[in-house]
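# Examination of the molecular architecture
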Amino acid sequence: MPDTSRSTHPDLHDGGRHDGSTVDVLVTLLDDGVQPPSYAHPGDAGADLVTTVDVEIPPQGRVTVPTGVAIALPDGYAAFVHPRSGLAAKHGVTVVNAPGTVDAGYRGEIKVILANTDTSTPVVLRRGDRVAQLVVQKVERARFVTATSLPGSHRGSGGFGSSGGWTPA
Ligand SMILES: O=c1ccn([C@H]2C[C@H](O)[C@@H](COP(=O)(O)OP(=O)(O)OP(=O)(O)O)O2)c(=O)[nH]1
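Residues numbered from 1 in each chain as written. Predicted model: local features only at pLDDT ≥ 70, side-chain atom pairs only at ≥ 80, totals over all residues. Heavy atoms only, no water.

## Thoughts on unusual backbone geometry
- For the peptide bond that leads from Ala-98 to Pro-99, omega is -15°, which places it in the cis range.
- Locating Pro-99 in the fold gives a position in the loop between strand E6 (93–95) and strand E7 (100–102).
- Of note, the phi angle at Gln-60 is positive, near 60°, even though the residue is not glycine.
- With respect to the element layout, Gln-60 can be found in the loop between strand E3 (55–57) and strand E4 (62–72). (Helix = DSSP H or I, 4+ residues; strand = E, 2+ residues; numbered from the N terminus.)

Structural data, given as C-alpha coordinates:
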(Lines give C-alpha, C1' and ligand atoms only; values in the text may rest on other atoms or scores of the structure.)
Protein backbone atom coordinates (compact mmCIF):
# COMPACT_ATOMS: atom_id res chain seq x y z
CA MET A 1 0.00 0.00 0.00
CA PRO A 2 1.54 3.39 -0.94
CA ASP A 3 2.35 5.78 1.90
CA THR A 4 -0.09 8.64 1.43
CA SER A 5 0.63 10.21 4.82
CA ARG A 6 3.28 12.57 3.45
CA SER A 7 2.46 15.33 1.02
CA THR A 8 4.27 15.39 -2.29
CA HIS A 9 3.55 19.08 -2.80
CA PRO A 10 6.94 20.86 -2.76
CA ASP A 11 5.63 23.77 -0.69
CA LEU A 12 4.28 21.40 1.94
CA HIS A 13 7.25 19.08 2.23
CA ASP A 14 7.86 18.29 5.88
CA GLY A 15 11.53 18.96 5.53
CA GLY A 16 13.34 15.88 6.73
CA ARG A 17 14.18 12.23 6.94
CA HIS A 18 14.42 10.33 10.20
CA ASP A 19 15.84 6.91 10.98
CA GLY A 20 15.32 6.58 14.71
CA SER A 21 18.57 8.05 16.02
CA THR A 22 19.13 11.10 13.83
CA VAL A 23 16.79 13.24 11.85
CA ASP A 24 17.62 15.39 8.83
CA VAL A 25 16.39 18.94 9.24
CA LEU A 26 16.53 21.27 6.26
CA VAL A 27 18.18 24.59 7.11
CA THR A 28 18.36 27.81 5.17
CA LEU A 29 21.03 30.32 6.13
CA LEU A 30 19.70 33.85 6.04
CA ASP A 31 23.00 35.54 6.79
CA ASP A 32 26.30 35.11 4.93
CA GLY A 33 28.37 34.61 8.04
CA VAL A 34 26.20 31.98 9.72
CA GLN A 35 26.72 28.22 9.88
CA PRO A 36 23.94 25.69 10.47
CA PRO A 37 23.26 25.00 14.17
CA SER A 38 25.83 22.50 15.45
CA TYR A 39 26.41 20.31 18.46
CA ALA A 40 29.54 21.20 20.43
CA HIS A 41 30.08 17.59 21.62
CA PRO A 42 28.90 14.13 20.63
CA GLY A 43 25.84 13.33 22.69
CA ASP A 44 24.84 16.95 23.23
CA ALA A 45 21.09 17.46 23.17
CA GLY A 46 21.22 21.08 22.07
CA ALA A 47 22.72 22.58 18.91
CA ASP A 48 24.07 26.07 19.41
CA LEU A 49 22.31 29.12 18.02
CA VAL A 50 24.19 32.40 17.55
CA THR A 51 23.10 36.00 17.42
CA THR A 52 23.73 37.72 14.09
CA VAL A 53 23.70 41.15 15.70
CA ASP A 54 25.62 42.98 18.41
CA VAL A 55 23.36 43.81 21.33
CA GLU A 56 23.55 45.21 24.80
CA ILE A 57 20.93 43.97 27.22
CA PRO A 58 20.40 46.43 30.05
CA PRO A 59 20.01 45.18 33.63
CA GLN A 60 16.65 43.44 33.87
CA GLY A 61 16.04 44.21 30.19
CA ARG A 62 15.31 41.96 27.27
CA VAL A 63 16.06 41.82 23.56
CA THR A 64 15.01 39.61 20.67
CA VAL A 65 17.92 38.57 18.49
CA PRO A 66 17.95 36.97 15.03
CA THR A 67 19.93 33.75 14.51
CA GLY A 68 20.23 33.76 10.72
CA VAL A 69 18.69 30.30 10.39
CA ALA A 70 15.33 28.97 9.32
CA ILE A 71 14.45 25.28 9.46
CA ALA A 72 11.87 22.82 8.20
CA LEU A 73 11.22 20.10 10.76
CA PRO A 74 9.52 16.88 9.76
CA ASP A 75 5.94 16.48 10.87
CA GLY A 76 5.81 15.06 14.38
CA TYR A 77 8.83 17.06 15.53
CA ALA A 78 9.32 20.38 17.25
CA ALA A 79 12.44 22.29 18.24
CA PHE A 80 12.85 24.01 21.58
CA VAL A 81 14.99 27.09 22.20
CA HIS A 82 16.72 26.58 25.54
CA PRO A 83 19.02 28.89 27.52
CA ARG A 84 22.75 28.19 27.73
CA SER A 85 23.87 27.36 31.25
CA GLY A 86 27.17 29.20 30.91
CA LEU A 87 25.51 32.49 29.99
CA ALA A 88 23.02 32.00 32.80
CA ALA A 89 25.65 31.23 35.44
CA LYS A 90 28.18 33.90 34.38
CA HIS A 91 25.91 36.75 33.33
CA GLY A 92 22.36 35.92 34.43
CA VAL A 93 21.20 35.72 30.81
CA THR A 94 18.24 33.48 30.13
CA VAL A 95 15.58 32.88 27.49
CA VAL A 96 12.37 34.68 28.45
CA ASN A 97 10.00 32.10 27.00
CA ALA A 98 12.19 29.09 27.77
CA PRO A 99 11.88 26.80 26.11
CA GLY A 100 10.72 28.66 23.00
CA THR A 101 8.75 26.40 20.72
CA VAL A 102 9.59 26.16 17.01
CA ASP A 103 6.69 24.45 15.27
CA ALA A 104 7.22 21.96 12.45
CA GLY A 105 5.38 24.26 10.08
CA TYR A 106 7.41 27.38 10.92
CA ARG A 107 9.61 28.56 8.07
CA GLY A 108 10.63 31.96 9.41
CA GLU A 109 13.93 32.91 11.01
CA ILE A 110 14.45 31.45 14.47
CA LYS A 111 14.70 34.26 16.97
CA VAL A 112 15.79 34.17 20.59
CA ILE A 113 14.18 36.31 23.28
CA LEU A 114 16.92 36.97 25.80
CA ALA A 115 16.65 38.53 29.24
CA ASN A 116 19.36 39.89 31.50
CA THR A 117 18.31 39.01 35.05
CA ASP A 118 21.21 40.91 36.60
CA THR A 119 20.00 43.99 38.49
CA SER A 120 23.07 46.16 37.88
CA THR A 121 25.30 44.97 35.02
CA PRO A 122 24.45 45.23 31.32
CA VAL A 123 25.40 42.27 29.10
CA VAL A 124 27.05 42.82 25.74
CA LEU A 125 26.68 40.12 23.09
CA ARG A 126 28.53 40.20 19.79
CA ARG A 127 27.53 38.87 16.40
CA GLY A 128 28.50 35.21 16.33
CA ASP A 129 28.17 34.65 20.07
CA ARG A 130 26.28 31.52 21.01
CA VAL A 131 23.14 32.65 22.80
CA ALA A 132 20.88 29.62 23.05
CA GLN A 133 20.62 25.96 22.11
CA LEU A 134 18.08 24.23 19.95
CA VAL A 135 16.74 20.84 21.07
CA VAL A 136 14.91 18.88 18.37
CA GLN A 137 12.35 16.45 19.74
CA LYS A 138 9.57 14.17 18.64
CA VAL A 139 6.25 15.43 19.89
CA GLU A 140 2.86 13.81 20.13
CA ARG A 141 -0.17 15.56 18.81
CA ALA A 142 -3.00 15.02 21.28
CA ARG A 143 -6.62 14.48 20.52
CA PHE A 144 -8.43 16.18 23.40
CA VAL A 145 -11.44 14.08 24.29
CA THR A 146 -14.08 15.70 26.48
CA ALA A 147 -15.18 13.53 29.44
CA THR A 148 -17.63 14.12 32.28
CA SER A 149 -15.10 12.89 34.85
CA LEU A 150 -11.48 11.80 34.90
CA PRO A 151 -10.08 8.49 36.12
CA GLY A 152 -8.74 8.50 39.69
CA SER A 153 -5.03 8.81 40.41
CA HIS A 154 -2.71 8.74 43.39
CA ARG A 155 -2.06 12.52 43.18
CA GLY A 156 -5.64 13.46 42.49
CA SER A 157 -6.06 17.24 42.19
CA GLY A 158 -3.20 18.17 44.53
CA GLY A 159 -0.72 20.54 42.93
CA PHE A 160 1.35 23.66 43.56
CA GLY A 161 3.43 22.31 46.43
CA SER A 162 0.82 19.89 47.77
CA SER A 163 3.53 17.28 48.33
CA GLY A 164 5.18 19.58 50.89
CA GLY A 165 7.71 22.36 51.24
CA TRP A 166 5.68 25.23 49.86
CA THR A 167 2.27 26.69 50.65
CA PRO A 168 0.59 29.06 48.18
CA ALA A 169 -0.07 32.55 49.63
O1 LIG B 1 11.79 31.30 20.95
C2 LIG B 1 11.14 31.22 19.90
C3 LIG B 1 9.81 30.80 19.90
C4 LIG B 1 9.12 30.77 18.69
N5 LIG B 1 9.73 31.13 17.54
C6 LIG B 1 9.00 31.05 16.27
C7 LIG B 1 8.76 29.60 15.87
C8 LIG B 1 7.35 29.34 16.23
O9 LIG B 1 6.79 28.34 15.40
C10 LIG B 1 6.73 30.70 16.05
C11 LIG B 1 5.52 30.93 16.90
O12 LIG B 1 5.87 30.71 18.24
P13 LIG B 1 4.75 30.46 19.34
O14 LIG B 1 3.73 29.51 18.84
O15 LIG B 1 5.44 30.17 20.62
O16 LIG B 1 4.16 31.93 19.42
P17 LIG B 1 2.73 32.47 19.71
O18 LIG B 1 2.91 33.69 20.49
O19 LIG B 1 1.86 31.39 20.28
O20 LIG B 1 2.29 32.90 18.25
P21 LIG B 1 1.46 32.21 17.13
O22 LIG B 1 0.10 32.77 17.30
O23 LIG B 1 2.14 32.67 15.87
O24 LIG B 1 1.55 30.71 17.30
O25 LIG B 1 7.73 31.65 16.42
C26 LIG B 1 11.04 31.54 17.52
O27 LIG B 1 11.62 31.87 16.50
N28 LIG B 1 11.71 31.58 18.71
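## Examining the UniProt feature "binding site: substrate" (unreviewed entry) in the protein chain
- The residues that UniProt annotates with the feature "binding site: substrate" (unreviewed entry) are Arg-84, Ser-85, Gly-86, Asn-97, Thr-101, Val-102 and Asp-103. These annotated residues cover 20 residues of sequence, and their C-alpha atoms reach 26.2 Å apart at the extreme, placing them across more than a single site.
- Looking at the element boundaries, Thr-101 is found in strand E7.
- Beyond its immediate sequence surroundings of up to four residues, Thr-101 is in contact with Ala-79 and Phe-80.
- Note that Asp-103 resides in the loop between E7 and strand E8 (109–116).
- Classification of Asp-103 by relative accessible area gives partly exposed; the value is 48%. (UniProt positions renumbered as here; feature names shortened; annotations may be inferred. Contact = heavy atoms within 4.5 Å. Buried < 20%, exposed > 50% of the residue type's maximum accessible area, 1.4 Å probe, protein only.)

## What about the pattern of salt bridges?
- Scanning the model with the defined rule gives 4 salt bridges in all.
- Among the ionic pairs, Arg-84 bridges to Asp-48, the shortest N-O distance being 3.7 Å. Of this pair, Arg-84 sits in the loop between strand E5 (77–82) and helix H1 (85–91) while Asp-48 sits in strand E2 (residues 46–50); the two residues are 36 residues apart in sequence, bridging distant segments of the chain.
- On the basis of relative accessibility, which here comes to 21%, the residue Arg-84 falls in the partly exposed class.
- We classify Asp-48 as buried; its relative accessible area is 15%.
- The residue Asp-48 makes a salt bridge to Arg-130 at a minimum N-O spacing of 3.0 Å. With Asp-48 in strand E2 and Arg-130 in strand E10 (residues 130–138), the pair connects residues that are 82 residues apart, well separated along the chain.
- Salt bridges sharing common partners tie together Asp-48, Arg-84 and Arg-130. (Salt bridge = Lys/Arg side-chain N within 4 Å of Asp/Glu carboxyl O.)

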